[in-house]
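# A structural walkthrough
Chain residues, written in single-letter form:
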Amino acid sequence: MNQSERVTIGITCFNARDTIGNAIRSAQSQDWADLEILVVDDASTDGSPEHVESFIADDPRVRLVRHRRNGGAATARNTIIEVATGDFIVFFDDDDESAANRVMLQVAAIKAFEASNGSRPVACYAAGERIYPNGHLKPLPAIGSAGKTPCGTDVADYLLFYRRRPIYFYGSGTPTCALMARRELFRKLGGFDASLKRVEDVDFAIRLALAGGCFIGTTEKLFVQYSTQGSDKSPDANRSAEVAVAKKHEGYLRSVGRYHYASHWPNLRYHHFKRQYFRFIAQFLLIVARNPILATTHLLATGPKRLRHERRMNKRNIQ
């Protein structure tokens, strides 16, 4: 296909000395002619920037940008959006590895959508898989990779309060590590909300959906994600961010009668992860009293899957 348009690969880096090299190498190996690779180091303290410099010395396509203060993933991604010169921006995580044809296939998917849908905004998500330290492998199918293309408020409703429509395939949601879109779209939507330390990718997708955007995905698995833990991934951090997202979109949620649901469900997830089972039951009864069908359907659809996943994730070793 015609590769005349530039693609910017954005890689955020924070204390990733042991993994950032693989991420950069997978970016350098992309089979795309006009490629720009931006690595934004978010004030690492483990020598990551110096390690990155050893990979980029002989490759003019790669540029390192260093933050003096740690601002979080959203801030680092916003730097990428601000500095990027590509027509498209695709995000790679600092502990992921992408297939050599990832850029090509995501650009092709976006152009094919645009050829049929004109100027309607669109984001493309790559399918992938996540590997846990014990060897457990979780497939990460891409939203919009099957069925009718999900667009508009239907996607916002799914992300905010889990209303699923059977005509759509929601896959693994809307993670930034799988995301590609045109640079102008990121800038039009104002990038990522830097006040959010978690789920900023969900908030971006909600704003895209409320702006009438569509979500397409690749059927091919194009990246491998290596699961890691950190203080920013704690149940407390997740709950705070998820409640903040519900508050941010309170106007829309109240217009569809779902603000109470969206602002209280994160507490349910929190009590589960903290093993506070009596509080979990009390919280669920509070939610189900107002939304009996939605709450019951949501719990039955996600609860058993979550428990099975946690059992496999926490096994000592997967043979």
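Summary of the structure given here. Values in this document were obtained by computation on a predicted structure and should not be read as measured data.

In this section: a positive patch on the surface. A cluster of basic residues, Arg164, Lys305, Arg308, Arg311, Arg312 and Lys315, forms a positive patch on the protein surface. Positionally, Lys315 belongs in the segment after helix 12 (292–314).

What follows concerns the packing of aromatic side chains. For the structure shown, the criterion picks out 10 aromatic pairs. Ring centres of Tyr261 and Trp265 lie 5.4 Å apart, and the angle between their planes is 20°; this geometry places the pair in the stacked category. Residue Tyr261 and its partner Trp265 are located together in helix 10 (residues 259–273), separated by four residues, close to a single helical turn. As far as the burial class goes, Tyr261 and Trp265 line up, both buried. An aromatic cluster of three or more residues is present, and its members are Phe91, Phe186, Phe192 and Phe204. Cation over ring: Arg77 sits above Phe192, and NZ or CZ is 5.9 Å from the ring centre.

Scanning the entire structure with this criterion turns up one disulfide. Covalent S-S linkage joins Cys151 and Cys214, the inter-sulfur distance amounting to 2.0 Å. With the S-S dihedral at roughly 105°, the linkage between Cys151 and Cys214 falls on the right-handed side. Residue Cys151 is located in the loop between strand 7 (137–140) and helix 5 (153–161), and its partner Cys214 is located in strand 9 (residues 214–226); the two are separated by 63 residues in the primary sequence. Taken individually, Cys151 and Cys214 each receive the classification buried, so the pair is uniform in this respect. In this structure Cys13 is a free cysteine whose sulfur lies 16 Å from that of Cys177, the closest cysteine sulfur available. Overall, the relative accessible area of 2% leaves Cys13 in the buried class. In this structure Cys177 is not part of a disulfide, and its nearest cysteine sulfur, from Cys124, lies 13 Å away. Residue class for Cys177 comes out buried when judged on its relative accessible area of 5%.

Time to look at the side chain of Asp93. Inspection of the secondary structure puts Asp93 in the loop between strand 4 (88–92) and strand 5 (96–98). Exposure remark for Asp93: the relative accessible area of 17% places this residue in the buried category. With residues up to four places along the chain from it excluded, the contact list for Asp93 reads Ile11, Ala23, Arg77 and Cys177.

Before going further, it helps to examine the nonpolar core. Counting 59 residues, the largest nonpolar core has Tyr125, Phe186, Phe192 and Phe215 as the members making the most contacts within it. Among the elements that line this core, the one with the most residues is helix 5, at six residues. Not counting chain neighbours up to four residues away, the residues in contact with Tyr125 comprise Gln106, Ala142, Ile143, Thr174, Pro175, Ala178, Leu179, Ala205, Phe215, Ile216, Gly217 and Thr218. Judged by nonpolar contacts, the second largest core, of 31 residues, contains Ile11, Cys13, Ala27 and Ile56.

Reading the values: the criteria
- Residues numbered from 1 in each chain as written.
- Predicted model: local features only at pLDDT ≥ 70, side-chain atom pairs only at ≥ 80, totals over all residues.
- Heavy atoms only, no water.
- Patch = residues over 30% accessible without salt bridge, like charges linked within 9 Å, V, L, I, M, F, W, Y side chains within 5 Å.
- Areas by Shrake-Rupley, 256 points an atom, 1.4 Å probe, with all protein chains shown as cover.
- Salt bridge = Lys/Arg side-chain N within 4 Å of Asp/Glu carboxyl O.
- Lys, Arg positive; Asp, Glu negative; His and termini not counted.
- Charge placed at Lys NZ, Arg CZ, Asp CG, Glu CD.
- Helix = DSSP H or I, 4+ residues; strand = E, 2+ residues; numbered from the N terminus.
- Phe/Tyr/Trp six-rings, centres within 6.5 Å; stacked < 30°, edge-to-face > 60°.
- Buried < 20%, exposed > 50% of the residue type's maximum accessible area, 1.4 Å probe, protein only.
- Lys NZ or Arg CZ within 6 Å of the ring centre and 35° of its normal.
- Disulfide = S-S within 2.5 Å.
- Contact = heavy atoms within 4.5 Å.
- Core = buried A, V, L, I, M, F, W, Y, C linked by side-chain atoms within 4.5 Å.

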